[in-house]
Structures are given as structure tokens and as C-alpha cells.
Amino acid sequence: MGVFSAIARLKKEKNAIILAHYYQDPDIQDIADVIGDSLELARAAQKTQASIILFAGVHFMAEGAKILNPHCRVIIPDLKAGCSLASGCQPDAFRRFRARYPDHFVVSYINCSAAIKAQSDIICTSSNAVTIVNKIPRDRKIIFAPDKNLGAYVSRQTGRDMVLWQGTCIVHETFSLKKLIALKVMHPEALVLAHPECEPDILTHADIIGSTSHLLRTTVQHSAQTFIIATEPGIIHQMQKNAPHKTFIPLPGLDESCACNECPYMRLNTLEKIEQALRIGGPEITLPEDLRLQAQVALDKMLAWS
Ligand code: 13P
Ligand code: SF4
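Before going into details, it helps to say that this report is about the structure given with it.

Procedures and definitions
Per-chain numbering applies: the sequence of each chain, read as written, is numbered from 1 onward. The lettering of chains begins at A and the numbering of ligands begins at 1, in the order of writing. Only residues with pLDDT of at least 70 get local features here, since the model is predicted, and only at 80 or more are side-chain atom pairs given and counted; chain-wide, interface and lining totals rely on the full set of residues. In computing side-chain properties, one takes all heavy atoms of the structure into account and sets aside hydrogens as well as water. Residues are classed as near a molecule or strand on a simple rule: at least one heavy atom within 4 Å of it. Pairs of N or O atoms within 3.5 Å make up the polar contacts considered here, provided that, within protein, one atom can donate a hydrogen while the other can accept it, and that residues adjacent in sequence are counted only when both atoms are side-chain atoms. In these tables, accessible area is a Shrake-Rupley quantity obtained with a 1.4 Å probe, and a residue counts as shielded only by the protein chains included in the view. Pairs of strands are assigned from DSSP output, requiring at least two bridges between the strands. Secondary structure follows DSSP: runs of H or I at least 4 residues long count as helices, runs of E at least 2 residues long count as strands, and numbering of each begins at the N terminus. Axes, fitted as lines to C-alpha atoms, cover a helix only where it is in contact. Angles between the N-to-C directions of the axes lie from 0 to 180 degrees. Contact criterion: two residues are considered in contact whenever any of their non-hydrogen atoms come within 4.5 Å of each other. Buried means the residue's accessible area, taken with a 1.4 Å probe over protein chains only, is under 20% of the maximum for its type, while exposed means over 50%, and partly exposed covers the values in between. Ring pairs are drawn from Phe, Tyr and Trp, using the six-membered ring of Trp, whenever the two centres fall within 6.5 Å, and their geometry is named by plane angle: stacked under 30 degrees, edge-to-face over 60, tilted for the rest.

**Re the site of ligand 1**
Inference 1: Taken together, 13 residues sit near ligand 1, with His21, Ser38, Ser126, His195 and Thr212 positioned nearest.
Inference 2: At 2.8 Å from an oxygen atom of ligand 1 is found a side-chain nitrogen or oxygen belonging to Ser38.
Inference 3: Glu197 is positioned such that a nitrogen or oxygen atom in its side chain is 2.9 Å from an oxygen atom of ligand 1.
Inference 4: Expressed as a share of its isolated accessible area of 300 Å², the protein-covered part of ligand 1 is 96%.

Below, the structure written as C-alpha cells:
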């Protein structure tokens, strides 16, 4: 039996749902029940009635699913699928950082561990970060963690001065400004779409900045025919499916000898690992209940505010 039919059979047999992020390989996107950005996937995880969620994404996303839907068994194809933003913000260091700003309201990007979520007042994603920060009373001082690029972007959009944890995404920080400018010269008609995890100099040259879903919607709705894509190129699969007559040019990283614009964590997942995870029911995401409950407060607040 081929891997596609084995996955379909196991999904049915085990009452499992596959949630996949846009940065997954095209084949994984094609077998998923739900594809989306971080916010859409968190909402799908919260409301599913399935017995098992297989999260084809990275660890913090699967952990978020477990926090929001504790009765569901949440499994992940590869436990090593981490995230540079999550691993760059460790709980003890973050506790010491927060202690320096005791009166600050703590906004954490969803790309962090449950232990960081539990230390936060509210969580945000790239699609609702500006809305959420705008809702915080003007007299409250704010810490934003762990992505300094998203934080600086939100700060510019909202006019709020925020203390930023100095984390970065190893994928989005790698985009080359020189190559972006060269591509703009070659394709003057192209619209530049960028994720807010990119460095400020890339964002300065972008026409549209937003979450993966926002960028995808733009390629469908905008009259432009050519787009330069400054985010993980996995998203281009959906862009091509939704607007097959349009042209999508991925922005390369600084070093063209590697595919460093691809997320090495997201790309650890494969169809074979998904099939195995469904078959054996693991690796499973588990969390101590007190930590889960603390993290849920901040995640629930995000869902209520957005
Ligand atoms: P969004 O899909 O929410 O825009 O997030 C991008 C990302 O970096 C996920 O790891
Ligand atoms: Fe983390 Fe960046 Fe990979 Fe997203 S693309 S999972 S932010 S390392």
C-alpha cells in the first residue's frame, strides 16, 4: 500500500485529523485536513472533535494544540521539529528578563514554548499582533517576546514603544536585501510580499506585510500577476494552486549554495514520518497540567481579543 493510502486509512481508523502549516512540503499540505497560518491552526485544533490531532508543523504549534484541546491526543511526526524563536527564549532567562520590567504587560508571539506562554499576559500571532497591541491600554508598558523583528514591526504600526526580547527566525533573518533589490529591478511590475519576521530593511522594500494566510489571500485578490515572496517558500504551493496563471518568485537567502530560505525544522516532517506517527500514536505531546492551565490563560485571551 502506498504512503498516501496508508495515511488515509489510518486517519479514518484512528479518528485523526491532520493540521498542516503552509511551510510544509507540498505533499503534506495536500494530505492535510486543514492548512493555515498559526492562528487558523490554533482555532482548528481547539474546535476539532477528532480523537487525535497530527500536527504537521513544529513543536510549539503542537504544544499550542494540546494547551487548547487537552482531551485530544496530539502527535507530531518529528519531535526535533523546533523553532529558533522558541529555543532562543528559555524560561529562566525570560523570568530574569521580566523581573527587570515588573510593571510591563507581557505579549508573547505564539512561536514560544508553553513555559514562556505561561509567563505571558497574552499571546499573539503574526496575523493579530497589531490588533492585540492596539487593545492594550495606552498607559501600560509592554514587553514583546521573542521575535525582535515582529516586535519592531508591531511597534512601528501601533506607535507603542515596547521592550523587545532579541530573538529572530533563522529563516526570515537570512533574506538578502541585495537580492531583493536585484529582483525588483528585474521585475519592476512585481509586488513584494513579506512576513513580519523579516529584518526591517526587507520590510522597508515590501508592498504587503502579513501572516502567511494574509500573503496567500493577497496573491489571489490583488490584480498583480507577479509576486516576490519573502517568506518560507512552502507557501508558494498554495499560491500556485489558488492562482495558477500568476508568477511567484521566492526571495533567496544570503547564501545561494544552501536552501536557507526553507525552514529546516518544518522540513523535518515527511509523509513516511506522518504515516508512522499515526500508526504508533506518537511521539505524543504531553504537558504538566498546571503548566498547561497557566499557558491556556494567555492563549485564551488571544482568542478572545482577536
Ligand atoms: P504564520 O503562518 O502565523 O504567519 O507564522 C509563520 C511562522 O513562522 C510559523 O512558524
Ligand atoms: Fe521558527 Fe522561523 Fe521555522 Fe517559523 S520559519 S518555525 S519562526 S524557525
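Moving on from the model shown.
**A closer look at the sheet that holds strand 4 (residues 73–75)**
Inference 1: Taking strand neighbours across the sheet as the criterion, the four strands line up as 2-1-3-4 in an open arrangement whose pairing is parallel. Of all strands in the sheet, those bounded by a partner on one side alone are strand 2 (34–36) and strand 4. Along the sheet, successive strands turn relative to each other by an average axial angle of 20°, direction set aside.
Inference 2: When strand 3 (residues 52–56) meets strand 4, the two strands line up parallel, connected through three bridges. Bridge pairing in strand 4 places Ile53 opposite Val74.
Inference 3: Contacting strand 1 (16–21), strand 3 and strand 4, helix 14 (residues 271–280) runs over the sheet at an angle of about 160° to strand 3.

**Some details on the pairing of strand 9 (residues 191–194)**
Inference 1: With burial as the criterion, each face of strand 9 is covered, one bearing Leu191 and Leu193 and the other bearing Val192 and Ala194.
Inference 2: Here strand 9 pairs with strand 11 (residues 226–230) via four bridges, running parallel. The residue of strand 11 that forms the bridge with Val192 is Ile228.
Inference 3: Here two bridges tie strand 9 to strand 10 (residues 208–209), and the two strands are oriented parallel to one another. Along strand 10, the bridge assignment pairs Ala194 with Ile209.

**A short note on the packing of aromatic side chains**
Inference 1: Counted by the stated rule, this structure contains six aromatic pairs.
Inference 2: Between Phe97 and Tyr101, the ring centres sit 5.5 Å apart and the planes meet at 65°, which makes this aromatic pair edge-to-face.
Inference 3: Ring centres of Phe97 and Trp165 lie 5.1 Å apart, and the angle between their planes is 90°; on these two criteria the pair is classed as edge-to-face. Highlighted residues: Phe97 in helix 6 (residues 91–99) and Trp165 in the loop between strand 8 (162–164) and helix 10 (177–186), separated in sequence by 68 residues.
Inference 4: A relative accessible area of 9% places Phe97 in the buried class.
Inference 5: An aromatic cluster of three or more residues is present, and its members are Phe94, Phe97, Tyr101 and Trp165.

By themselves these figures say nothing about function.
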